[in-house]
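Examination of the molecular architecture
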Amino acid sequence: MSDPHTGGCLCGAIRYAVSQPLAELRACHCLNCQRASGAGGSVNATVQSASFRLTQGSPKRYEALADSGRTLYRYFCGDCGSPIYSQRASAPDWLSLRAGTLDDSSGMKITAHIWTKRARPWSHIDPSATQHPGQPDAPAR
Ligand SMILES: [Zn+2]
Ligand SMILES: [Zn+2]
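First, a word on what this report is: a plain description of the structure on this page. Every value quoted in this text rests on a predicted model; they were computed, and no experiment measured them.

**Looking at the coordination of the zinc ion (ligand 1)**
- Around the zinc ion (ligand 1), the protein contributes the donor atoms Cys9 (SG), Cys11 (SG), Cys77 (SG) and Cys80 (SG), at 2.3 Å from the metal centre.
- Relative to the metal, the four donor atoms surrounding the zinc ion (ligand 1) lie at angles of 106 to 114°, and the coordination shape comes out tetrahedral.
- The sequence motif formed by the donor residues of the zinc ion (ligand 1) is C-x1-C-x65-C-x2-C. Residue Cys9 is found in the loop between strand 1 (5–8) and strand 2 (15–18), and its partner Cys80 is found in the loop between strand 7 (71–76) and strand 8 (83–88); the two are separated by 71 residues along the sequence.
- The exposure class assigned to Cys9 is buried, which follows from its relative accessible area of 10%.
- A relative accessible area of 28% means that Cys80 is categorised as partly exposed.

Below, the structure is given as structure tokens:
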């Protein structure tokens with residue numbers, strides 16, 4: 001069985017595989033994502049934790065209080081600093097995988113933007129995508 005997706009950090013110390021197909025991405029413009037990325041925010045694929053596995057290395061974990069008031073664990077490479085994924089303390093069954101760490105994004109599209117009220121004026125928001133000023137409720141699955 002082959003995994004549909006693989007990815008990793010900048011230096012290559014962390015590698016992972018995802019065993020579920022990914023198509024829809026969500027852009028987060030919250031201040032924590034801006035700080036953590038040094039850019040306009042983060043672009044993420046929502047992945048079932050059971051579908052994600054590290055194949056090399058182990059990321060460091062930073063615990064932060066999110067704008068939503070939830071505790072969020074942010075996992076990153078301790079050698080090169082690349083953010084890899086984040087996970088809510090209250091929802092360990094899901095994780096938000098940073099789409100820029102994927103080896104291949106063929107067929108993927110940003111379908112929603114969240115925390116748009118925090119977006120920088122230079123950030124691009126696709127007007128055809130769903131927009132939420134803050135944290136929307138978790139999508140029904
Ligand atoms: Zn690295
Ligand atoms: Zn965010």
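On we go.
**So, the nonpolar core**
- Core analysis: the largest hydrophobic core is formed by 19 residues, its most contacted members being Leu22, Val47, Phe52 and Leu97.
- Contributing elements (two or more residues each) for this core: strand 2, strand 4 (42–48), strand 7, strand 8 and strand 9 (94–98).

**Concerning the packing of aromatic side chains**
- All told, the structure shown has three aromatic pairs when counted by the stated rule.
- An angle of 55° between the planes, with centres 4.9 Å apart, marks the rings of Phe52 and Tyr85 as tilted. Of the two residues, Phe52 sits in strand 5 (residues 52–56) while Tyr85 sits in strand 8, which places them 33 residues apart along the sequence. There is no split in this pair, since Phe52 and Tyr85 are both buried.
- Their ring planes at 15° and their centres at 4.4 Å tell us that Tyr75 and Tyr85 sit as a pair that is stacked. Of this pair, Tyr75 sits in strand 7 while Tyr85 sits in strand 8; the two residues are 10 residues apart in sequence, bridging distant segments of the chain.
- Judged by its relative accessible area of 14%, Tyr75 is buried.
- The structure contains a cluster of three or more aromatic residues connected by ring pairs, namely Tyr16, Phe52, Tyr75 and Tyr85.
- Between Arg61 and the ring centre of Tyr73, over which it is positioned, the NZ or CZ distance is 3.8 Å.

Cut-off values and rules
- Residues numbered from 1 in each chain as written.
- Chains lettered and ligands numbered in written order.
- Predicted model: local features only at pLDDT ≥ 70, side-chain atom pairs only at ≥ 80, totals over all residues.
- Heavy atoms only, no water.
- Donors = N, O, S within 2.8 Å, 3.2 Å for Na, K, Ca; no water.
- Tetrahedral: all angles 85-135°; square planar, octahedral: opposite > 155°, others 65-115°.
- Helix = DSSP H or I, 4+ residues; strand = E, 2+ residues; numbered from the N terminus.
- Buried < 20%, exposed > 50% of the residue type's maximum accessible area, 1.4 Å probe, protein only.
- Core = buried A, V, L, I, M, F, W, Y, C linked by side-chain atoms within 4.5 Å.
- Phe/Tyr/Trp six-rings, centres within 6.5 Å; stacked < 30°, edge-to-face > 60°.
- Lys NZ or Arg CZ within 6 Å of the ring centre and 35° of its normal.

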